[in-house]
Amino acid sequence: MVLPIYATLEKLPETLLEAAADLGCPRWKAFWLVTLPLSLPGAIAGALLCFIPIVGEFVIPDLLGGSDAMMIGQTLWVEFFSNRDWPAASAVAVQLLALLVAPIVIYQRRQMRQLEGGS
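Quick notes on the rules
Residues numbered from 1 in each chain as written. Predicted model: local features only at pLDDT ≥ 70, side-chain atom pairs only at ≥ 80, totals over all residues. Heavy atoms only, no water. Axes fitted to C-alpha atoms, helices over the stretch in contact; angles between N-to-C directions. Helix = DSSP H or I, 4+ residues; strand = E, 2+ residues; numbered from the N terminus. Parallel < 35°, antiparallel > 145°, perpendicular 65-115°, else oblique. Left-handed = near helix turned anticlockwise from the far one by under 90°. Contact = heavy atoms within 4.5 Å. 1 Å grid on protein atoms, 1.4 Å probe; cavity = no way out; pocket = protein on both sides within 12 Å on 5 of 7 lines; lining within 4 Å. Points joined across faces, edges and corners; volume = space filled by probe spheres on them. Nonpolar A, V, L, I, M, F, W, Y, C, P; charged D, E, K, R; others polar. Patch = residues over 30% accessible without salt bridge, like charges linked within 9 Å, V, L, I, M, F, W, Y side chains within 5 Å. Areas by Shrake-Rupley, 256 points an atom, 1.4 Å probe, with all protein chains shown as cover. Salt bridge = Lys/Arg side-chain N within 4 Å of Asp/Glu carboxyl O. Phe/Tyr/Trp six-rings, centres within 6.5 Å; stacked < 30°, edge-to-face > 60°. Core = buried A, V, L, I, M, F, W, Y, C linked by side-chain atoms within 4.5 Å. Buried < 20%, exposed > 50% of the residue type's maximum accessible area, 1.4 Å probe, protein only.

Colleague: Teacher, can you tell me more about the packing of helix 2 (residues 14-22) against helix 3 (residues 27-55) here?
Modeller: Packed helices, taken two at a time, are described by their axes: the angle between them and the distance between them. In the contact formed by helix 2 and helix 3, the axes pass within 10 Å of each other and the chain directions differ by 160°. When the axis of helix 2 is compared with that of helix 3, the two are roughly antiparallel. As helix 2 packs across helix 3, the resulting crossing turns out to be right-handed. Where helix 2 abuts helix 3, its residues Leu 16, Leu 17 and Ala 20 lie against Ala 30, Val 34, Thr 35 and Leu 38.

Shown next, in the form of structure tokens:
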């Protein structure tokens, strides 16, 4: 999560914050109006980079002694291999796929619109 945010903030020109200060904007307001909106693409990319592996994680909680709460990856594993309920497992797998693909498609379309508008 830190690396995409850092990469986005590193590209942020300092002249924007200087211009905000020259126009009388306090530092906290410059952060909310300049830095935060320009760092959102990095935060969204970092969230996606963390979200995708976390959703499908089922091996590590199993190795660490299990957890009281069932995760979607564990549910998928149990339905396929323990219960052998293929229709329910397939439904869970399709939900997992939709859960993972939808944010990626939305982010990709948003990035393409920004690239088309910027050039």
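Right, picking up where we left off after that structure.
Colleague: What exactly am I supposed to notice about the layout of surface pockets here?
Modeller: Take a probe with the size of a water molecule and roll it over the atoms, and the empty space left behind shows itself. Considered as a void within the structure, the largest pocket measures approximately 210 Å³ in volume. Looking at the largest pocket, the residues that line it are Pro 4, Thr 8, Lys 11, Leu 12, Pro 13, Leu 38, Pro 41, Gly 42, Ala 45, Tyr 107, Gln 111 and Gln 114. Broken down by secondary-structure element, the contributors of at least two residues to the lining of the largest pocket are helix 1 (2-11), helix 3 and helix 6 (86-118). Of all the elements, helix 3 adds the most residues to the lining of the largest pocket, at four residues. Along the lines of polarity and charge, the residues of the lining of the largest pocket split into seven nonpolar, four polar and one charged.

Colleague: Explain a nonpolar patch on the surface here, please?
Modeller: Residues Trp 28, Phe 31, Trp 32 and Leu 33 make up a contiguous nonpolar surface patch of about 510 Å² in total accessible area. Tracing the backbone shows Phe 31 in helix 3.

Colleague: Sorry, what's going on with the packing of aromatic side chains here?
Modeller: When we look at a pair of aromatic rings, we describe it by the centre distance and by the angle of the planes. Across all of its chains, the model carries three aromatic pairs by this definition. When the centroid spacing of 5.0 Å and the interplanar angle of 85° are considered together, the rings of Phe 80 and Trp 86 count as edge-to-face. Among the aromatic residues, those joined into a ring-pair cluster are Phe 80, Phe 81 and Trp 86.

Colleague: Even after reading the chapter, I still don't get the nonpolar core, so can you show me in this structure?
Modeller: In globular proteins that are soluble, nonpolar side chains generally tend to be buried together. Val 55, Leu 76, Phe 80, Ala 89, Val 92, Leu 96 and Leu 100 form the largest nonpolar core, which has seven residues in total. Counting only elements with at least two residues in this core, the list comes to helix 5 (72-82) and helix 6. Top element by residues in this core is helix 6. It accounts for four residues. Setting aside residues no more than four positions away along its own chain, Leu 76 makes contact with Ala 89, Val 92, Ala 93 and Leu 96.

Colleague: Would you mind going over the packing of helix 1 against helix 3 with me for this structure?
Modeller: Relative to each other, helix 1 and helix 3 sit at 155°, their axes nearing to 7 Å. Compared by their axis directions, helix 1 and helix 3 come out roughly antiparallel. The crossing of helix 1 and helix 3 is right-handed. In contact with Pro 4, Ile 5, Thr 8 and Leu 9 of helix 1, helix 3 contributes Thr 35, Leu 38, Ser 39, Gly 42, Ala 43, Ala 45, Gly 46 and Leu 49. Its residues assigned to classes, the contact of helix 1 with helix 3 comprises seven nonpolar, five polar and no charged.

Colleague: Honestly, the environment of Gln 74 in this entry has me stumped. Any pointers?
Modeller: By the secondary structure assignment, Gln 74 is in helix 5. Considered as a pair, Gln 74 and Val 55 are 19 residues apart in the sequence and their alpha carbons are 9.9 Å apart.

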